[in-house]
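So you can see what is in the structure, the chains are spelled out below.
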Amino acid sequence: MTLLSSRSCIALLCSTISFSASAYYPNQVYVHTGYGNFSTGEQQDDSWITQLGYSYALTPGMAIEVASFLNIADDDNIKSNATSQPVNADYRGGILALRGEVPVMNRFYAYGKFGAAYTHVKYEQWQDGNNQQETLQGVRPYLAFGIKAPLSHNLLIGLETQYIVLPQEARLNTLTLGLHFTY
């Protein structure tokens, strides 16, 4: 019975390794778009965000990734709990991260990213008849989790959530859907 269990484990391990190796392409380009939530203090802005990225696989399960992102809404309104005055916000940035990826049930890939994000946020608020402008920028920690599923040999669909800490207690959370092209 133990010999059968050992053989079963070895067969499962070999099938997982062969699945990972057969899907190994060192280059990956992706585009994601979806919901972005920027918040600072009691104010928050919900808008669409777009991210374009490139990754290079160091091993079948580990890659280094660079990406840029920006919100694509022209006239964002931040909703404040304190006032109902509109606030226009614009944010964009770049990401450098290490991505770890594992196959799940020979159908999906689950992945996590950890790295740093440079973010530039500019927003203005009209309050009590005065226009107040604020700019936040800096390099902060970046964390993301996602899942990808193949649509064809070189095309995958992905769902990802990101968390970026910004200066002055601000933060950016996203939930995006996108396409990944491997070659």
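Just so we're clear, the structure is a prediction, and the values are computed from it rather than from any experiment. (Residues numbered from 1 in each chain as written. Predicted model: local features only at pLDDT ≥ 70, side-chain atom pairs only at ≥ 80, totals over all residues. Heavy atoms only, no water.)

A word on the pattern of salt bridges
For the coordinates displayed, the defined rule picks out 5 salt bridges. Its salt-bridge partner being R99, residue E65 comes within 3.0 Å of it at the nearest N-O pair. Here the residue E65 occupies a position in strand β3 (residues 62–71), and R99 occupies one in strand β5 (residues 87–104), the gap between them amounting to 34 residues. Classification of E65 by relative accessible area gives buried; the value is 2%. Given the relative accessible area of 6%, R99 is considered buried. With a closest N to O distance of 2.5 Å, K113 and E65 form a salt bridge. Residue K113 is found in strand β6 (residues 108–127), and its partner E65 is found in strand β3; the two are separated by 48 residues along the sequence. In the salt-bridge network here, residues are joined through shared partners; they are E65, R99, E101, K113, K148 and E160. (Salt bridge = Lys/Arg side-chain N within 4 Å of Asp/Glu carboxyl O. Helix = DSSP H or I, 4+ residues; strand = E, 2+ residues; numbered from the N terminus. Buried < 20%, exposed > 50% of the residue type's maximum accessible area, 1.4 Å probe, protein only.)

Considering the confidence of the model for the protein
Across the protein, pLDDT averages 80, with 75% of residues at or above 70. Residue range residues 9–23 is modelled with pLDDT below 50. Its contacts to residues more than four positions away, or to other chains, number 8 contacts. (pLDDT = per-residue confidence, 0-100. Contact = heavy atoms within 4.5 Å.)

Re the packing of aromatic side chains
Under the criterion given, the structure shown has 1 aromatic pair. Over the ring of Y109 we find K148, and its NZ or CZ is 5.9 Å from the ring centre. Across the ring face of Y111, the terminal group of K148 is positioned such that the distance to the ring centre comes to 5.5 Å. (Phe/Tyr/Trp six-rings, centres within 6.5 Å; stacked < 30°, edge-to-face > 60°. Lys NZ or Arg CZ within 6 Å of the ring centre and 35° of its normal.)

Let's talk about the pairing of strand β8 (residues 155–165)
By the alternation rule, side chains of β8 split into L156, G158, E160, Q162 and I164, which are all buried, and L155, I157, L159, T161, Y163 and V165, of which none is buried. As paired strands, strand β7 (residues 130–150) and β8 are joined by 9 bridges and run antiparallel to one another. The residue bridging F145 from the neighbouring strand is T161, located in β8. Connecting β7 to the antiparallel partner β8 that follows it, the hairpin turn spans 4 residues. The pairing of β8 with strand β9 (residues 170–182) spans 11 bridges and is antiparallel. By the bridge assignment for β9, I164 is matched with L172. (Pairing = 2+ DSSP bridges.)

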